[in-house]
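Below, each chain spelled out in residue letters.
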Amino acid sequence: MGGGKGGVGKTFLSANLAYTLSRAGYKVVAVDTDIEGPNLHTWLGVSKPRVSLADYVSGRESRIEHLLLETPHHGLGLLAATHGDLAAAQPEAGRRLEFLRALRELPCDFVFVDCGAGAHPATIDYFLVGDEGLLVLHPEPTSIENTYTFIRAAFYRRMHAAMQKHDVRECVREAMDQRNERGIRSPLDLLEAVRHMDPEEGQRFAATMRSFRPRILVNEVATAEDVKLGFSVRSICRKFFGIEADYVGYINRDQAVRDSVLLRKPLLEVRPEADSAVYLQRIAGKLAEAAGAPR
Amino acid sequence: MKSLSEMTHYEVLEIPSDAAPDEVERAYRMAQATWGEDGLATYSLYEEGETEAIRERVELAFRVLSDPDAKAEYDGGLVAEGTDPLDDLDIDLQFVDSGPAPSVDFVAAEIDTFDDAADETGDWNGARLRRARLRRGIDLEKIAEVTKINPSYLRFIEDDQYADLPARVYVRGFVVAYARCLGLDPERVATGYLEILSEAAPEAARRGRRTQG
Ligand SMILES: Nc1ncnc2c1ncn2[C@@H]1O[C@H](COP(=O)(O)OP(=O)(O)O)[C@@H](O)[C@H]1O
Ligand SMILES: [Mg+2]
């Protein structure tokens, strides 16, 4: 769950989608990777996590399974983050890779990875580790702007990792700088450049591009125009980035959401009849369907 | 994965080549909202003049595809060229070895693509009406304009503020018109809504009967 901007509802959605799927009978783990501003545990009714990712970063614990916490909710586990060591918040690169691998091996049906704000390479890695990348946005220019920055960052990082030849990787790296000297402005320009350099890498690039399918969620909609924003962003992803994004749904701006977090309980438990709860279930259903996860 | 200049009119509007006229129209409206001068969705991404070029392509696409003669001529040209939108994808896919590539479908940019299941059950209360409206991308003001119903009443209906609603017979008419705007079954929706209203606000219902009789 990413999106570039803070306060758009990433943690609300991570916690509540995780809960909704656990209630539907799936085994779910929610993971807080927002080491700089952790609060996923609070949404899930766990105050002051006993152990956390900080123990993994510091090396006190080397297996993330040992850091899994129970939550008050059946079938929903938590890997919390706490601001343990202010000097060294993020795990160093090698350890990060181990962590990402371990995340994929967690014994459950769904893992929700809640990302922090910004487009730091570590944040992008946490976003890219999933089979699905969910992007949360607000119907406001600030969020739109940060979302595109985030998509760009995620896109180039994925492409860089997928390329095999040194000069092509170098070209992708240079393209990350918007004012690069090759005159590459958009992913489509880059695709052309890579095809030109090396047809085989070009094929690989196109294939990776095709498998990069972020899913869009618009949070705090109030008008029909806000609802349509997701379709517009999808069109723009197609025409500017050349990628297929999916619009999986929207959630209205709803006092019920605030009510639920004030009680530190899931929305579905506190206000099951609220519009936001209906929308939330709709999205959860779509995700379960897309994953084809057996219950 | 084509640049704008390589796209067909259908790809520009993101519709299949057998799209019905109303689908073409809807896609055009959506594209106008997306690429419009003060559109929110393009914010920060494009340089000066870039969205204008797209707008021009959108206009051209609509002009051609909404005119049966122009469309027929254009389609004839596409067939002659052998430009199938999926052609270049097929070629690419033959060389792909890194896992399964999701198929790229050119679905229409239509509003009502969400799974209805979660909303198929339950009562036709105001909240459900509002959800049905939003998913169709229709503003309350638009419904007021089309139905000539005072927007405050429409808002009271959506907010289930029964006490502020006029007599039942009027409410029924309002809900029927509202439902018709959304393409819902007006009879079913209005009957459902009035049932809830009678249960939740007997006085309002009584008052309504009095005014009627
Ligand atoms: N749909 C909504 N309606 C009303 N308030 C919301 C909604 N979604 C989020 N919020 C509020 O916004 C705040 C920030 O959400 P949060 O999930 O912490 O953002 P992020 O994790 O993206 O920084 C929450 O405390 C919550 O009260
Ligand atoms: Mg957060």
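A quick note: this is a predicted structure, and the numbers were derived from the prediction, not measured. (Residues numbered from 1 in each chain as written. Chains lettered and ligands numbered in written order. Predicted model: local features only at pLDDT ≥ 70, side-chain atom pairs only at ≥ 80, totals over all residues. Heavy atoms only, no water.)

A word on the side chain of Thr51(B)
Structurally, the position occupied by Thr51(B) is in helix 3 (residues 50–65). For Thr51(B), the residues in contact, after removing those within four places along its chain, are Trp35(B), Thr42(B) and Tyr46(B). (Helix = DSSP H or I, 4+ residues; strand = E, 2+ residues; numbered from the N terminus. Contact = heavy atoms within 4.5 Å.)

Side note on the site of ligand 1
Residue and element names in this part refer to chain A. As a structural note, the neighbourhood of ligand 1 is formed by 16 residues, with Gly7, Lys10, Thr11, Phe12 and Asn219 the closest of them. In this structure, glycine 9 approaches ligand 1 through a main-chain N or O atom, which is 3.0 Å from an oxygen atom. Here lysine 10 contributes a backbone N or O atom positioned 2.9 Å from an oxygen atom of ligand 1. A total of 560 Å² of accessible area belongs to ligand 1 in isolation, and the protein chains cover 81% of it. At the level of elements, helix 1 (10–23), strand 6 (215–221), strand 7 (246–252) and helix 11 (255–262) are the ones that each hand at least two residues to the shell around ligand 1. At three residues, the largest contribution of residues to the shell around ligand 1 is made by helix 1. For the shell around ligand 1, a count of residues per class yields five nonpolar, six polar and five charged. (Near = heavy atom within 4 Å. Polar contact = N/O pair within 3.5 Å; in protein donor to acceptor, adjacent residues only side chain to side chain. Areas by Shrake-Rupley, 256 points an atom, 1.4 Å probe, with all protein chains shown as cover. Nonpolar A, V, L, I, M, F, W, Y, C, P; charged D, E, K, R; others polar.)

Here's the deal with the packing of helix 1 of chain A against helix 13 (residues 275–291) of chain A
Residue and element names in this part refer to chain A. One way to put it is that helix 1 packs onto helix 13 with a least axis distance of 9 Å and a crossing angle of 70 degrees. By the angle between their directions, the pair helix 1 and helix 13 is classed as roughly perpendicular. Every pair of crossing elements has a handedness; the one defined by helix 1 and helix 13 is right-handed. Contact residues: Leu13, Asn16, Leu17, Thr20 and Leu21 in helix 1; Leu280, Gln281, Ile283, Ala284, Leu287 and Ala288 in helix 13. For the contact of helix 1 with helix 13, the per-class residue count stands at eight nonpolar, three polar and no charged. (Axes fitted to C-alpha atoms, helices over the stretch in contact; angles between N-to-C directions. Parallel < 35°, antiparallel > 145°, perpendicular 65-115°, else oblique. Left-handed = near helix turned anticlockwise from the far one by under 90°.)

What about the sheet that holds strand 1 (residues 28–32) of chain A?
Strand pairing in a sheet relies on backbone hydrogen bonds. The paired strands run either parallel or antiparallel. Residue and element names in this part refer to chain A. Strands sit in the order 2-3-1-4 across an open sheet of four strands; the sheet is mixed. Of all strands in the sheet, those bounded by a partner on one side alone are strand 2 (69–70) and strand 4 (110–114). Sheet analysis places strand 1 next to strand 3 (residues 76–79), joined by four bridges and oriented parallel. Pairing of valine 29 across the sheet is with glycine 77, part of strand 3. Seen against the sheet, helix 1 touches strand 1, strand 3 and strand 4 and runs at an angle of roughly 170 degrees to strand 4. (Pairing = 2+ DSSP bridges.)

Some remarks on the pattern of salt bridges
For the coordinates displayed, the defined rule picks out 32 salt bridges over all chains. Residues Arg63(A) and Glu65(A) are paired through a salt bridge, measuring 2.5 Å at the closest nitrogen-oxygen approach. We classify Glu65(A) as partly exposed; its relative accessible area is 33%. The shortest N-O distance in the salt bridge between Arg204(A) and Glu201(A) comes to 2.2 Å. Residue Arg204(A) and its partner Glu201(A) are located together in helix 9 (residues 199–211), separated by three residues, close to a single helical turn. For the pair Arg204(A) and Glu201(A), a shared accessibility class is recorded, and that class is buried. Beyond isolated ion pairs, a larger network of salt bridges with shared partners links Arg238(A), Lys239(A), Glu244(A) and Glu14(B). (Salt bridge = Lys/Arg side-chain N within 4 Å of Asp/Glu carboxyl O. Buried < 20%, exposed > 50% of the residue type's maximum accessible area, 1.4 Å probe, protein only.)

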